[in-house]
Amino acid sequence: MTLNPSSFNPLWISVVEPLRRRIVEGELLPGQPLSENSLAAEFGVSRTPVREALRILMEEGLVEMLSGRKLRVVDPKLEHIHEVYDLRWIIESEAIRRLAAAPAHAEVVCQQLDRYCHLGDEALRDHDRKGLARANENFHEEIVMAVGNRRLHAQFKTIYNLISLYRHQTLRSEHWATQGHTDHAQLVKLIRAGQGEAALKLLRRHLDEAERVLVERLTLKLEEGEVSAL
């Protein structure tokens, strides 16, 4: 696959963006080795832009370096999973508190959340896991944006791809894919009704269950010695 990047963009952008997408969407599996030479040949570039793209993905937590400078798609670690879900709770719970205190703004946000719930309905009906993941991501990002803090949102975006990677893993559970989507619809109802405490309680359970499903999957693979097959 030879790329023809815009003359205004450095070559590494034409590598990092599709590579990031493939990792986040599960086309490249956790633990899968990455070769600079193979990627350079695939993208039709030298190793330099590939190396820069991999460096950026390392900073984002999507790629990790092993001994001997070998690179691979990151394998989720239990402590990293907890940190990410703890951060989600801190940010999203504050957003819901602010929405509960601003009914007019909450209704505007809920209309957008309704849209993502509808897209999730369609994805579930069509057994479209990628479509469901996108609807899921947009739903939660809309909640984060409700905080109304651009700097906070920018910081959140720095780890959002890692969150997306985890989300694609949890949605491999058919039960959680359905239950998590049902939670979204109920959360919108509670926010719209001004039931802030009930919404927070549901969000807490929702995030705890998502974390539990991911940890369960990871633990099982660790026990089987097949982490890279997550």
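Undergrad: What is the right way to read the overall build of the protein chain from this model?
TA: Along the protein chain, the regular secondary structure elements total 10 helices and three strands. Ordering the α and β elements of the protein chain from the N terminus gives α-β-α-α-β-β-α-α-α-α-α-α-α. Taken over the C-alpha trace, the protein chain has a radius of gyration of 19 Å; the compact-globule value for 230 residues is 17 Å, and the two agree within 12%. Overall size of the protein chain, expressed as C-alpha extent along the three principal axes, is 55 × 45 × 35 Å.

Undergrad: Explanation requested: helix α2 (residues 36–43) in the structure shown.
TA: An α-helical turn contains 3.6 residues, so any two residues separated by three or four positions project in the same direction. Those residues of α2 that fall on the buried side of the exposure criterion are E36, L39, A40 and F43. Seen from one end, α2 has its buried residues packed into an arc of 100°, which puts them on one side. Considering only its buried residues, α2 is in contact with α1 (13–24), β1 (33–34), α3 (47–59) and β3 (71–73). Looking one or two residues beyond α2, the residue adopting positive phi is G44, at roughly 70°.

Undergrad: Can you walk me through the environment of R69 in this structure?
TA: Along the chain, R69 turns up in the loop between β2 (63–65) and β3. The exposure class of R69 is exposed, given its relative accessible area of 66%. Once the C-alpha coordinates of R69 and K157 are considered, the two residues, 88 residues apart in sequence, prove to be 28 Å apart.

Undergrad: Could you clarify how one ought to interpret the pattern of salt bridges in this entry?
TA: Charged atoms that come close allow side chains of opposite charge to pair. Taken as a whole and judged by the stated rule, the model has 20 salt bridges. E59 is the partner of R55 in a salt bridge, and the nearest nitrogen-oxygen pair spans 2.4 Å. With R55 and E59 both in helix α3 and four residues apart, the pair spans about one turn of that helix. You can call R55 partly exposed: its relative accessible area is 36%. The shortest N-O distance in the salt bridge between D114 and R192 comes to 2.7 Å. Here D114 is found in helix α5 (residues 103–125), whereas its partner R192 is found in helix α9 (residues 174–192), with 78 residues between them in sequence. Classification of D114 as partly exposed rests on a relative accessible area of 32%. Since its relative accessible area comes to 36%, R192 is described here as partly exposed. Taken together, the salt bridges that share partners define one network made up of R21, E27 and K130.

Undergrad: Hey, could you run me through the packing of aromatic side chains in this one?
TA: Aromatic ring pairs are reported here in terms of the distance separating the ring centres and the angle at which the planes meet. One pass over the full model with this rule turns up zero aromatic pairs. In this structure, R204 is placed above the aromatic ring of W89, and the distance from its NZ or CZ to the ring centre is 4.5 Å.

Undergrad: Would you mind going over the environment of V74 with me for this structure?
TA: On the secondary structure map, V74 appears in the loop between β3 and α4 (78–100). The class for V74 is buried, based on a relative accessible area of 10%. V74 sits 12 residues away from L62 along the chain, and the two C-alpha atoms are 5.3 Å apart. Leave out the neighbours within four places in its chain, and V74 touches P30, G31, G61, L62, V63, E64 and L165.

Undergrad: I'm lost on the confidence of the model for the protein chain in this one. Help?
TA: Parts of the prediction with low pLDDT should not have their coordinates interpreted in detail. Counting all residues, the mean pLDDT for the protein chain is 86, and 90% of those residues have values of 70 or more. For the protein chain, helix α8 (residues 160–170) is the element with the lowest average pLDDT, namely 72, and α5 is the one with the highest, namely 96. In the model, residues 4–8 has pLDDT below 50 throughout and makes two contacts with residues more than four positions away in sequence or in other chains. Segment residues 226–230 is flagged for pLDDT under 50; beyond a separation of four residues in sequence, or across chains, it makes 19 contacts in the model.

Parameters at a glance
- Residues numbered from 1 in each chain as written.
- Predicted model: local features only at pLDDT ≥ 70, side-chain atom pairs only at ≥ 80, totals over all residues.
- Heavy atoms only, no water.
- Helix = DSSP H or I, 4+ residues; strand = E, 2+ residues; numbered from the N terminus.
- Rg over C-alpha atoms; globule rule 2.2 N^0.38 Å.
- Buried < 20%, exposed > 50% of the residue type's maximum accessible area, 1.4 Å probe, protein only.
- Arc of directions from axis to C-beta.
- Contact = heavy atoms within 4.5 Å.
- Salt bridge = Lys/Arg side-chain N within 4 Å of Asp/Glu carboxyl O.
- Phe/Tyr/Trp six-rings, centres within 6.5 Å; stacked < 30°, edge-to-face > 60°.
- Lys NZ or Arg CZ within 6 Å of the ring centre and 35° of its normal.
- pLDDT = per-residue confidence, 0-100.

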